[in-house]
Amino acid sequence: MSKISLQHVYKSFQKDSYVINDISLEIFDDEFLVLVGPSGSGKTTTLRMIAGLEEMTKGNLYIDNKIQNDEDPSTRKLSFVFQNYALLPNLTVYENIEFGLLNKQMSPLEKKKTVEDTAKKLSLYEKLNSYPNQLSGGQRQRVALARALVDQSSLVLFDEPLSNLDAVLREEMRTELIALQKMFGMTCIYVTHDQIEAMAMASRIVLMMEGKIVQVGTPYQMYHDPMHLDVATFMGSPESNVLSIEHKDGLLYTKGSKIIYNQEVMKLMKKQKLEKGYMAIRPKDLSVHHQQTGERIPGTLVAVEHYGLNKLLHMEALGQTFRAVVDRDFEEKKQVYLDFKGHALLFNENKNRVLETVKTEIVINQQPKDYEYIQVINELKNYGYRIAYNEKNADLIIDEKNSTFIYFQGKKEIQLKDLKDVFTYVHYLKTCLTDKEINYTKSSRNDE
Ligand code: ADP
Ligand code: MG
């Protein structure tokens, strides 16, 4: 149990250049939050500021509603697991784990029990008398985890803890870590550059680029509802195909002359009066054929990767590369024909998502004073919403007396008791704001 709030946080190592540039983020009790992003995007720096290993240049940090800016970082009850987990080679597993209790006031008997209990939970009990060099890579990693978890911190920070492990072990450890998090009931902030790891582990994902948050959401939301082109290309494997497109006289063009037919995108561009933009197509939505029909774009099949039932095709067409996942056989170096009519996401010239309804704005009845409501509003912005305040026509009503949000879906009213509820429901606001009735509860609960 531990919750964290970062509010307008900046960090610069050199004058006039921010490596963290205005980050606001809410981390809930007991969640497994993953910070993901390319190398150099500021993930480690963010984690180190939360730990107090790095000072913030500007901004506020709260842990469990208590401002930390002027507190001694050693009072923060947290553990940090690094990529290079250095076990002490001359100490046994028992002694290595006990090391995590160095600053704890405990009787020797209590200490022994705590170490043994933790070792049991991590399946290390039989290894307590072994030395690190007698352990496998996975066991060593578990000892490092045990050392971090033994003092029962309610907040554990991980910085790419699995990136030194081989692929099989990495997948095993992912599952184990998630199980441990549930068992210990702790809040985890986990840094990785690997989006597959992020998708597999996170309750929520924060995608960072160049010191900023691009988007926050559940794995499901990040994949199915990217609000920015960078999210669409970063999340999901294999990577999405991106085409820059122009809309003229009811036709779509890319690179000047070639014509693509995609009714979904064309309709949306027309409706939003958009002339230029980007279209992102997941490899599973790009269909590839042996025959031309007149509408298809010719391309060359450069390489085929076999994954059992499915194959990943790498193709060249329109002067760029494309990826498609198919279940039919194709021969390399042969001419193929690409069909862009499948499901695609549309982004405008600024790479922001274009949706059927322009209303990605949430109207709230009043400017909140309460700290918790301000947190929610910061977080809504991370989800890609613009916020407006207006007593009439509000989508969300803050009821400070009863500490609830009331949220309107059409004429239906839903009371949200918990901060987390807001994000389960609010993702669907923009869809709900159209006249469409959608069944959101089920899918949103299932993907958590
Ligand atoms: P990530 O963990 O996402 O790879 P980091 O937080 O390590 O990114 O780094 C973000 C940026 O800050 C990078 O450009 C990095 O070079 C810079 N940086 C990190 N630590 C320092 C430091 N101690 N001094 C100067 N620059 C730093
Ligand atoms: Mg890093």
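Coordinates for the structure precede this section.
All of these numbers come straight from a predicted model, not from anything done at the bench. (Residues numbered from 1 in each chain as written. Chains lettered and ligands numbered in written order. Predicted model: local features only at pLDDT ≥ 70, side-chain atom pairs only at ≥ 80, totals over all residues. Heavy atoms only, no water.)

Participant: Tell me about the pattern of salt bridges, and name the residues and values.
Facilitator: Counting across every chain of the model gives twelve salt bridges. In this structure, Arg48 engages Glu54 in a salt bridge whose closest nitrogen and oxygen atoms are separated by 3.2 Å. Taking relative accessible area as the criterion, Arg48 reaches 26% and is therefore assigned partly exposed. With a closest N to O distance of 3.1 Å, Lys284 and Asp285 form a salt bridge. Through salt bridges with shared partners, a single network forms among Lys11, Arg48 and Glu54. (Salt bridge = Lys/Arg side-chain N within 4 Å of Asp/Glu carboxyl O. Buried < 20%, exposed > 50% of the residue type's maximum accessible area, 1.4 Å probe, protein only.)

Participant: Provide a residue-level description of the pairing of strand 11 (residues 241–248), including the pertinent values.
Facilitator: Going residue by residue along strand 11, you find Asn241, Leu243, Ile245 and His247 tucked away on one face and Val242, Ser244, Glu246 and Lys248 left uncovered on the opposite face. The sheet contact formed by strand 11 and strand 12 (residues 251–254) spans three bridges and is antiparallel. Residue pairing in the sheet places His247 in a bridge with Leu252 of strand 12. As consecutive antiparallel partners, strand 11 and strand 12 are separated by two residues, and within that stretch Asp249 has a phi angle of approximately 45°, a positive value. (Helix = DSSP H or I, 4+ residues; strand = E, 2+ residues; numbered from the N terminus. Pairing = 2+ DSSP bridges.)

Participant: For the site of ligand 1, give the residues involved together with the corresponding values.
Facilitator: The local shell around ligand 1 consists of Phe13, Val19, Pro38, Ser39, Gly40, Ser41, Gly42, Lys43, Thr44 and Thr45. Backbone polar atom of Ser41 to an oxygen atom of ligand 1: 3.1 Å apart, as the coordinates give it. Taking 560 Å² as the accessible area of ligand 1 by itself, protein coverage stands at 56%. Residues that form the shell around ligand 1 fall into these classes: three nonpolar, six polar and one charged. (Near = heavy atom within 4 Å. Polar contact = N/O pair within 3.5 Å; in protein donor to acceptor, adjacent residues only side chain to side chain. Areas by Shrake-Rupley, 256 points an atom, 1.4 Å probe, with all protein chains shown as cover. Nonpolar A, V, L, I, M, F, W, Y, C, P; charged D, E, K, R; others polar.)

Participant: How would you summarise unusual backbone geometry if you had to cite specific residues and measurements?
Facilitator: Cis peptide bonds are those with omega within 30 degrees of zero, and the linkage from Ser237 to Pro238 qualifies with -5°. In this structure, Pro238 sits in the loop between helix 8 (229–234) and strand 11. If you check the backbone angles, Lys351 has positive phi at about 70° while not being a glycine. Structurally, Lys351 is set in the loop between strand 20 (345–347) and strand 21 (361–364).

Participant: For the sheet that holds strand 11, give the residues involved together with the corresponding values.
Facilitator: The strand order across the open sheet formed by five strands is 13-12-11-14-20, and the pairing between neighbours is antiparallel. In this open sheet, the two edge strands, each paired with only one partner strand, are strand 13 (258–260) and strand 20. Between one strand axis and the next, the sheet turns through 40° on average, direction left out of account. (Axes fitted to C-alpha atoms, helices over the stretch in contact; angles between N-to-C directions.)

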